[in-house]
Amino acid sequence: MRPGRRGRQRTERPDGMVRHLHSREVTPQCFGAAIPTQTTKPNDTPSGHDFHKFITHTYVDSATGAREREDEMATAIEMENAAEAKNKVRYPGIETTTDGSGAVVWVESHISQGACAYPITPSTPMGDGFAVEFANGTKNLWGEPVQFLEPESEHSSASACEGFALAGGRVTNFTSGQGLILMKEVLYVISGKRLPAVFHIGARALTSHSLNVHAGHDDVMGVADVGWGILFARNAQECADLAVIARRAAEDSETPFMSCQDGF
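The rules behind each value
Residues numbered from 1 in each chain as written. Predicted model: local features only at pLDDT ≥ 70, side-chain atom pairs only at ≥ 80, totals over all residues. Heavy atoms only, no water. Pairing = 2+ DSSP bridges. Helix = DSSP H or I, 4+ residues; strand = E, 2+ residues; numbered from the N terminus. Axes fitted to C-alpha atoms, helices over the stretch in contact; angles between N-to-C directions. Patch = residues over 30% accessible without salt bridge, like charges linked within 9 Å, V, L, I, M, F, W, Y side chains within 5 Å. Areas by Shrake-Rupley, 256 points an atom, 1.4 Å probe, with all protein chains shown as cover. Salt bridge = Lys/Arg side-chain N within 4 Å of Asp/Glu carboxyl O. Lys, Arg positive; Asp, Glu negative; His and termini not counted. Charge placed at Lys NZ, Arg CZ, Asp CG, Glu CD. Buried < 20%, exposed > 50% of the residue type's maximum accessible area, 1.4 Å probe, protein only. Phe/Tyr/Trp six-rings, centres within 6.5 Å; stacked < 30°, edge-to-face > 60°. Parallel < 35°, antiparallel > 145°, perpendicular 65-115°, else oblique. Left-handed = near helix turned anticlockwise from the far one by under 90°. Contact = heavy atoms within 4.5 Å. Nonpolar A, V, L, I, M, F, W, Y, C, P; charged D, E, K, R; others polar.

Participant: Account for the sheet that holds strand β6 (residues 114-116), naming residues and giving values.
Facilitator: Pairing in this open sheet of 6 strands is parallel, and the strands run β7-β6-β8-β9-β11-β10 from one edge to the other. Of all the strands in the sheet, the pair left with one neighbour each is β7 (147-149) and β10 (229-232). Neighbour to neighbour, the strand axes of the sheet diverge by 20° on average, direction disregarded. With 3 bridges connecting them, β6 and β7 associate as parallel partners. The residue bridging G114 from the neighbouring strand is Q147, located in β7.

See below:
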């Protein structure tokens, strides 16, 4: 006996195998350390002419097992990716903090060509926001600079939208309360001409004894008979979503739409 590697004792046998005395590692002395060890039981140790057959089977079984494990891992990864893709939102959007007015301005400054509006509470932030985009030279998704026109009243702004749409432009408007009621005459004309305009309404209460700037659907119900489609958003996200949906529905059906949200 002689000291082996790392101080372990080993013994040489006639069949060319080396057995470490305190382990079951069996290593072919003639091949050195380049060949992986094989753990065996005492009675399973190959001898003599079976040695090369034993080594060949060991390598084949090891390679086959490795390939099978790799295939299993690849399959598991593919299944995991497929599950993630299935649960993933197709259009996740851009996370931000805003109110309904800001959401509407962001959408309309990307998909419309212009806005004709007269500011009135509580829809003023929408008109102001679009005017800022116009002043900054913002371009829509098609590379066209957005336009903004502020005439002398809501009635005039609706008439301007009528002409804009009649010329083939994609136009929008922002109004509320008494302003929406004031433009009612023009709303009949826009729907009668089948112009696909989209007006955004900050719904506001109407009262007979004094002004009311708080939320209510009185103004929208006051124009419910003008032949427009009417959509109501429940939150800021739906304000953005319905701005796009209303535009698509209006252009597909050649019917003007109002996209409404509660005011203050």
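Participant: Now, about a negative patch on the surface: what can you tell me, with residues and values included?
Facilitator: A grouping of E68, E70, D71 and E72 is seen on the molecular surface, where their side chains present a negatively charged patch. Residue class for E68 comes out partly exposed when judged on its relative accessible area of 47%.

Participant: Could you give an account of the packing of aromatic side chains, naming the residues involved and the relevant values?
Facilitator: Applying the stated criterion across every chain yields a total of 3 aromatic pairs. Plain terms: the ring middles of F130 and F174 are 6.0 Å apart, the flat faces sit at 45° to each other, and that makes the pair tilted. Here F130 is found in helix α3 (residues 124-135), whereas its partner F174 is found in strand β8 (residues 171-175), with 44 residues between them in sequence. Like F174, F130 is buried. Each member of the aromatic cluster is reached from another via a ring pair, and the members are F130, F148 and F174.

Participant: Go over the packing of helix α2 (residues 100-111) against helix α8 (residues 236-253) with me, naming the residues and quoting the values.
Facilitator: Two numbers describe how α2 lies on α8: the axes approach to 7 Å, and their chain directions differ by 30°. Accordingly, the angle class assigned to the pair α2 and α8 is roughly parallel. Relative to α8, α2 is oriented so that their crossing is right-handed. Taking contact as the criterion, the partners of G100, A103, V104, V107, E108 and I111 in α2 are, on α8, A236, C239, A240, A243, V244 and R247. In terms of residue class, the contact of α2 with α8 is made up of 9 nonpolar, 1 polar and 2 charged.

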